[in-house]
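# Tertiary structure, described
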Amino acid sequence: MKILVLNGPNLNMLGVREPHLYGSRTYADLVAFIGEKAAALGVEAEVRQTNHEGTLVDWIQESRGAFDAIVLNAAAYTHTSVAVLDALKAAQTPVAEVHLTEPKERESFRRVSYVAMAAEKTFSGRGFDSYADALAWFASKGA
Ligand code: DQA
């Protein structure tokens, strides 16, 4: 099974940005963590990060027919991007929404998730383990 793991804006700043919320581990640590979890589950994970909404849209479109599933942390675009939602609906690749923190317990503007409107399931509030949970869920159900 091929899973595309997409990370949105500012996740490249992990380890530096708001460590009280996101922890001290870096984006490189996250990529290594996902690689280890995917290998243990016997799935193939390709991990990408962008700060640009259009790039996220391009990658979601490209997933159609090329990947079995998307694990998506759209970061701030989660709460703003109709374009990401439309791309997910167009691509029709099964998607799991992921967040390191629990957005619903933070500022009110984080309570809306456009990603959730297209996602089969949301995994949040467990730091890096949110990604592990999403990978394990796709591996167990076979995407
Ligand atoms: C986040 C939560 C979002 O609200 C925020 O904009 C992020 C990261 C998370 O992983 O907890 O950048 O997606």
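Residues numbered from 1 in each chain as written. Predicted model: local features only at pLDDT ≥ 70, side-chain atom pairs only at ≥ 80, totals over all residues. Heavy atoms only, no water.

### What to know about the packing of aromatic side chains
For the structure shown, the criterion picks out three aromatic pairs. Between Phe-33 and Phe-128, the ring centres sit 5.4 Å apart and the planes meet at 55°, which makes this aromatic pair tilted. Highlighted residues: Phe-33 in helix α2 (residues 27–41) and Phe-128 in helix α5 (residues 128–141), separated in sequence by 95 residues. Between Trp-137 and Phe-138 the ring centres are 5.0 Å apart and the planes differ by 50°, which places this aromatic pair in the tilted class. A residue is classified by how much of its surface remains accessible, and Phe-138, at 0% relative accessible area, is buried. Three or more aromatic residues link up through ring pairs in this structure, and these residues are Phe-123, Trp-137 and Phe-138. Lying over the aromatic face of Phe-67, Lys-2 brings its terminal NZ or CZ to 4.9 Å of the ring centre. Just above the ring of Trp-137 sits the side chain of Lys-141; from NZ or CZ to the centre is 4.9 Å. (Phe/Tyr/Trp six-rings, centres within 6.5 Å; stacked < 30°, edge-to-face > 60°. Helix = DSSP H or I, 4+ residues; strand = E, 2+ residues; numbered from the N terminus. Buried < 20%, exposed > 50% of the residue type's maximum accessible area, 1.4 Å probe, protein only. Lys NZ or Arg CZ within 6 Å of the ring centre and 35° of its normal.)

### Observations concerning the sheet that holds strand β3 (residues 69–73)
To summarise the sheet geometry, strands pair through backbone hydrogen bonds and adopt either a parallel or an antiparallel arrangement. Spatial ordering of the open sheet is given by β2-β1-β3-β4-β5, a layout of five strands whose pairing is parallel. Each having just a single partner strand, β2 (44–49) and β5 (121–124) make up the two edges of the open sheet. Each strand axis lies, on average, 20° off the axis of its neighbour in the sheet, ignoring direction. Sheet analysis places strand β1 (residues 2–7) next to β3, joined by five bridges and oriented parallel. What sits directly across from Val-5, in β3, is Val-71. Running at roughly 165° to β2, α2 makes contact with β1 and β2 of the sheet. (Pairing = 2+ DSSP bridges. Axes fitted to C-alpha atoms, helices over the stretch in contact; angles between N-to-C directions. Contact = heavy atoms within 4.5 Å.)

### Quick notes on the pattern of salt bridges
Think of it this way: side chains of opposite charge can pair up when their charged atoms draw near. Applying the stated criterion across every chain yields a total of six salt bridges. The residue Arg-110 makes a salt bridge to Glu-107 at a minimum N-O spacing of 2.6 Å. You can call Arg-110 buried: its relative accessible area is 17%. Look at Glu-107 and you get partly exposed, because its relative accessible area is 34%. For Glu-120, the salt bridge goes to Lys-141, with nearest N and O atoms at 3.0 Å. Pair noted here: Glu-120 is in the loop between β4 (95–99) and β5 and Lys-141 is in helix α5, with a separation of 21 residues, a long-range link. Of the residues examined, Glu-120 reaches a relative accessible area of 43% and is grouped as partly exposed. Members of the salt-bridge network, linked through shared partners, are Glu-46, Arg-48 and Glu-62. (Salt bridge = Lys/Arg side-chain N within 4 Å of Asp/Glu carboxyl O.)

### Examining the nonpolar core
If you look at the biggest cluster of nonpolar residues, it comprises 25 residues, and the most contacted ones within it are Ile-3, Val-71 and Tyr-131. Elements with a minimum of two residues in this core: β1, α2, β3, β4 and α5. The greatest single-element share of this core, amounting to seven residues, is contributed by α5. The next biggest cluster of nonpolar side chains, apart from the first, holds 18 residues, and it includes Phe-67, Val-84, Ala-91 and Val-115. (Core = buried A, V, L, I, M, F, W, Y, C linked by side-chain atoms within 4.5 Å.)

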